[in-house]
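Listed below are the residues making up each chain.
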Amino acid sequence: VPCARKGGIRFTINGHSYFNLVLITNVGGAGDIHAVSIKGSRTGWQAMSRNWGQNWQSNSYLNGQSLSFCVTASDGRAITTYNVAPANWQFGQTFEGTQF
């Protein structure tokens with residue numbers, strides 16, 4: 001049974017310069033994330049690895065770039081949110097993207 005959520009998928013960015021740890025919450029649809037990719041405004045798409053739970057990590061330097069995410073659910077559906085975090089994002093902030 002698909003999960004209906006109010007609002008968009010939330011991305012909370014933690015970590016430091018070369019370690020971006022992104023907690024992804026409020027996921028609708030299947031509700032379980034299978035894969036995540038991240039794109040800075042000056043990079044291509046890069047696969048993230050699951051750290052634990054719904055925390056996904058990237059070891060790229062993405063400071064000063066707007067961030068886009070592609071989230072793939074366990075049912076195979078994918079959703080891409082472009083420029084969800086502006087170039088002046090800071091660690092500890094949460095941004096809301098589109099929803100399944």
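The shown structure was predicted, so the numbers you read here are calculated from the model rather than taken from an experiment.

J.: Is there a simple way to explain the environment of leucine 21 in this structure?
T.: Tracing the backbone through its elements, the reader meets leucine 21 in strand S2 (residues 19-25). Accessibility expressed as a relative area gives 14% for leucine 21, which makes it buried. Along the sequence, leucine 21 and asparagine 88 sit 67 residues apart, while their C-alpha atoms lie 17 Å from each other. Beyond its immediate stretch of four places on either side in the chain, leucine 21 contacts Thr12, Ile13, Asn14, Gly15, Asn51, Asn55, Trp56 and Gln57.

J.: What's the story with the sheet that holds strand S3 (residues 33-40) in this structure? I'm lost.
T.: What links the strands of a sheet is backbone hydrogen bonding, and the strands pair in either a parallel or an antiparallel sense. A sheet is described by the order of its strands in space; here four strands give the open sequence S4-S3-S7-S8, paired in antiparallel fashion. Strand pairing shows two members of the sheet lacking a second neighbour, strand S4 (45-47) and strand S8 (78-85), which therefore form its edges. Looking at each pair of strands side by side, their axes are set apart by 25 degrees on average, direction ignored. Judged from the three bridges that link them, S3 and S4 form a sheet pairing that is antiparallel. Each residue of the ladder has a partner; that of lysine 39, found in S4, is tryptophan 45.

J.: What's the story with the nonpolar core in this structure? I'm lost.
T.: One recurring pattern in soluble globular proteins is that nonpolar side chains are buried together. Among the nonpolar cores identified, the biggest contains 20 residues, and Phe11, Ile24, Leu67 and Phe69 are the most heavily contacted of them. Breaking this core down by element, the ones donating at least two residues are strand S1 (10-16), S2, S3, strand S7 (67-73) and S8.

J.: How do you make sense of the packing of aromatic side chains when you look at a structure like this?
T.: The geometry of an aromatic ring pair is captured by the separation of the ring centres together with the interplanar angle, meaning the angle of the planes. Applying the stated criterion across every chain, the model contains four aromatic pairs. Considering the side-chain rings of phenylalanine 11 and phenylalanine 69, the 4.4 Å spacing of their centres and the 10 degrees angle between planes classify their relative orientation as stacked. With a gap of 58 residues between them, phenylalanine 11 in strand S1 and phenylalanine 69 in strand S7 connect regions that are remote in the sequence. Summarising the burial analysis for this pair, phenylalanine 11 and phenylalanine 69 share the class buried.

J.: Is there a simple way to explain the side chain of threonine 81 in this structure?
T.: Within the fold, threonine 81 resides in strand S8. Excluding its chain neighbours within four sequence positions, the residues that come into contact with threonine 81 are Ser68, Phe69, Gly97 and Thr98.

J.: It is not clear to me how the sheet that holds S2 should be interpreted in this structure. Could you clarify?
T.: A sheet is described by the order of its strands in space; here five strands give the open sequence S5-S6-S2-S1-S9, paired in antiparallel fashion. Either end of the sheet is taken by a strand with one partner, and the two such strands are strand S5 (49-52) and strand S9 (94-96). Averaged over all adjacent pairs, the angle separating strand axes in this sheet is 35 degrees, with direction ignored.

Rules used throughout
Residues numbered from 1 in each chain as written. Predicted model: local features only at pLDDT ≥ 70, side-chain atom pairs only at ≥ 80, totals over all residues. Heavy atoms only, no water. Helix = DSSP H or I, 4+ residues; strand = E, 2+ residues; numbered from the N terminus. Buried < 20%, exposed > 50% of the residue type's maximum accessible area, 1.4 Å probe, protein only. Contact = heavy atoms within 4.5 Å. Pairing = 2+ DSSP bridges. Axes fitted to C-alpha atoms, helices over the stretch in contact; angles between N-to-C directions. Core = buried A, V, L, I, M, F, W, Y, C linked by side-chain atoms within 4.5 Å. Phe/Tyr/Trp six-rings, centres within 6.5 Å; stacked < 30°, edge-to-face > 60°.

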